[in-house]
Amino acid sequence: MAGLFDSLRARRPRVDRVAASAASSEHWVKCSGCGTAIYRPIFLENGKVCEKCAHHHRMTAWERLDLLADAGTFQEWDASLVSVDPLGFGQEYLDKLHSDRERTGLSDGLLSGSCSLGGIPVALGIMDFNFRGGSMGSVVGEKVVRVLEGAAERRIPAVLVTCSGGARMQEGMLSLMQMGRTCAAVRRLNQVPAPFLVVMTDPTTAGVAASFAALGDVILAEPGATIGFSGRRVIEQTIRQELPPGFQSSEFYLEHGFLDRVVPRAELKDTVAAILGMLCVPAEVRR
Amino acid sequence: MILEVEKPLLELERKIRELQEVDRSAGVDLSAEIRLLERKARQLKESIFQNLSAWDRVQLARHVDRPGTLDYVAHLFTDFVELHGDRFYADDPAVVAGLARFHGQPCVVLGHQKGRGTRENLARNFGMPNPEGFRKAGRLMRLAARFGLPIFTFVDTPGAYPGIEAEERGQFEAIASNIALMSELPVPILTVVIGEGGSGGALGIALADRVLILENSVYSVISPEGCATILWRDAARAEQAATALGLTSETLKRLGLVDEVLAEPLGGAHRDFEGTFRTVQDALRHHLETLQDMEGHALLDARYAKYRRMAVLGEAR
Ligand SMILES: [Zn+2]
């Protein structure tokens, strides 16, 4: 067992390059919300949330895993599933896939597996924006389906943390069809029944928002995340006017009735565990 | 609307009509010349329509004169009773839906509806549904399932409408709910992509036991213009994007994402409505017969298995 986790840890990128790219120096990070310089160790300790303005910066899938999974319980699934270039988009795309794999320590835009979360066994999937913008192609779709099917088989909850601009354009219609197969897999999980909980993080839009992410039994979102179907620019071009600030945010969709709760990162794990704890009634009690 | 690719053909056809006019009115016998030109026109038509590029197909799929959902409803179905509204907020004219009979069999039929001409297009919002359109479709599909009726859907949309109100009323939820619903209704669902299959707005009524696509229809994850803007920051390279996106009927069939490609009459569906209706009718009839023999459970298992396969995966190492 120890060996497994050593190898897992080895796959994690050593430096936090994402935060590093936004940093003014190695030790300081500039908040993308208010511009304040934050001492990196503090920034990481606070789960990448700004102390001053509470801006929630994006997490890598590995960081999110540390936030949600009980220490030492994660077993990764489908770590060797990788994207190919089914439409022949070209070498440039293949190179980008390769460098994203290197950079993120992920096989594609979703990290998945089983773990316990607040003591509850769950099937967990976490999208990572650093891998092709979290876009959903065949591999992400397949891994989402396997999380949902795996949860259904084991009769445990599925938790999916979304972070995606939408479809993987380079896979053309194959990527659109991932919407269909993930939605179908959610319905199979519903029939078990096993709980399906979605955590929308920044951003959750287009093909991911309009498929499995919208179908959670409970849908939580992080504060200030961009959520929606159409891109801001496309809407502005269509209606020929500028959109108000806060349009398509978590708070906007909470107000319009499409989210259950907006949950600050510091309370996320406890909230998820509390909800799942109440939905995971043993079968013999449920009748 | 005249497409670039059709121009030489239309020019030749105009010449033939002129000669026929002279032949008739002036009493000059031009029948030999006319026959010659007609043969030439036939050859030209063949050479044009057997070598269409992906971009030509996008233009044909968007052709204003291409038969739309209501044309198919009028010619393939009888007793159509249009039903309106999503019972929540509004009636969306970009989606038409109702009860009808297909060869005597009661069914639910629905589809995106574009308009012909500016006024009708504005009324129909260019066939781009708001959430209410998807919800109306969902409501009637549930009705169909409750009464064991097959469902026919016709796809012809640039996409779901990108508007402020559409987002406020949960465009993403409306689409996702319909897709999920279509995966669990135990009645036959048959979809025909008759024109433009625009991304999630198309899929929102298009998860089906059989997805058929007309030869010159296109079905794409993003518009070629949108793709070109994102990839190369240049909408003018849409032609190149159309090729790269693999949005033609042949590519979709090769990838196993549609079940059958329906051949269009030479010259395209917009030049021969009757021929197109016959093809679509025969195909729907054939597939409905097969599906009606299946039990609800078998139907759902087969549907799930079909979508379960739609991925191209690689293994590392
Ligand atoms: Zn800040």
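Residues numbered from 1 in each chain as written. Chains lettered and ligands numbered in written order. Predicted model: local features only at pLDDT ≥ 70, side-chain atom pairs only at ≥ 80, totals over all residues. Heavy atoms only, no water.

Chemist: Residue-level account of the interface of chain B and chain A, with values.
Modeler: Facing 50 residues of chain B, the contacting portion of chain A comprises 54 residues. Both sides together, the interface formed by chain B and chain A hides about 4,600 Å², and carbon and sulfur atoms give 71% of it. Considering only the surface of chain B that becomes buried against chain A, B:E167, B:F172 and B:Y304 emerge as the three largest contributors, covering 17% of it. Summed over the shared surface of chain B and chain A, the number is four salt bridges. A salt bridge links B:R308 to A:E149; the nearest nitrogen and oxygen atoms lie 2.8 Å apart. Connecting chain B to chain A are 18 residue pairs in polar contact (both at pLDDT 80 or more). Listing elements by their share of the side of chain B that touches chain A, those giving two or more residues are α7 (164-168), α8 (171-182), α9 (199-203), β7 (218-220), α10 (224-232), α11 (238-245), α14 (296-308) and β9 (313-315) of chain B. Of all the elements, α8(B) adds the most residues to the side of chain B that touches chain A, at eight residues. Of the residues contributing to the side of chain B that touches chain A, the split by class is 30 nonpolar, ten polar and ten charged. (Contact = heavy atoms within 4.5 Å. Buried area = accessible area lost by both parts, 1.4 Å probe. Salt bridge = Lys/Arg side-chain N within 4 Å of Asp/Glu carboxyl O. Polar contact = N/O pair within 3.5 Å; in protein donor to acceptor, adjacent residues only side chain to side chain. Helix = DSSP H or I, 4+ residues; strand = E, 2+ residues; numbered from the N terminus. Nonpolar A, V, L, I, M, F, W, Y, C, P; charged D, E, K, R; others polar.)

Chemist: Please set out the coordination of the zinc ion residue by residue, giving values where relevant.
Modeler: Residue and element names in this part refer to chain A. The protein atoms that coordinate the zinc ion are C31 (SG), C34 (SG), C50 (SG) and C53 (SG), at distances spanning 2.3 Å. Metal-centred angles of 106 to 111 degrees between the four donor atoms at the zinc ion mark the site as tetrahedral. As a motif over one chain, the donors of the zinc ion read C-x2-C-x15-C-x2-C. For C31, a relative accessible area of 3% corresponds to the buried category. (Donors = N, O, S within 2.8 Å, 3.2 Å for Na, K, Ca; no water. Tetrahedral: all angles 85-135°; square planar, octahedral: opposite > 155°, others 65-115°. Buried < 20%, exposed > 50% of the residue type's maximum accessible area, 1.4 Å probe, protein only.)

Chemist: Which residues make up the packing of helix α3 (residues 54-61) of chain B against α11(B), and what values do they have?
Modeler: Residues and elements named next belong to chain B. Direction vectors running N to C along α3 and α11 enclose 100 degrees, while the axes themselves pass 8 Å from each other. By the angle class used here, α3 and α11 are roughly perpendicular. The segment α3 lies against α11, with A54, W55 and V58 engaging A238, E239, A242 and T243. For the contact of α3 with α11, a count of residues per class yields five nonpolar, one polar and one charged. (Axes fitted to C-alpha atoms, helices over the stretch in contact; angles between N-to-C directions. Parallel < 35°, antiparallel > 145°, perpendicular 65-115°, else oblique.)

Chemist: Explain the domain arrangement of chain B to me, using residue names and the numbers behind them.
Modeler: Residue and element names in this part refer to chain B. Segmenting chain B into domains produces domain 1 (4-51) and domain 2 (57-308). A straight line from the C-alpha centre of domain 1 to that of domain 2 covers 36 Å. Around 640 Å² of area is buried between domain 1 and domain 2 when both sides are counted, 56% of it from carbon and sulfur atoms. Three residues stand out in domain 1 for area buried against domain 2, namely E6, K45 and F49, and they jointly supply 73% of the buried area on that side. Counting every contact that joins domain 1 to domain 2 gives two salt bridges. In this structure, the salt-bridge partner of E6 is R271, at a minimum N-O distance of 3.9 Å. Our enumeration of links across domain 1 and domain 2 arrives at two residue pairs in polar contact (both at pLDDT 80 or more). Mapped onto the side of domain 1 that touches domain 2, the elements with two or more residues apiece are α1 (7-25) and α2 (31-49). Per-class residue counts for the side of domain 1 that touches domain 2 are three nonpolar, no polar and four charged. (Domains from an automatic or database assignment.)

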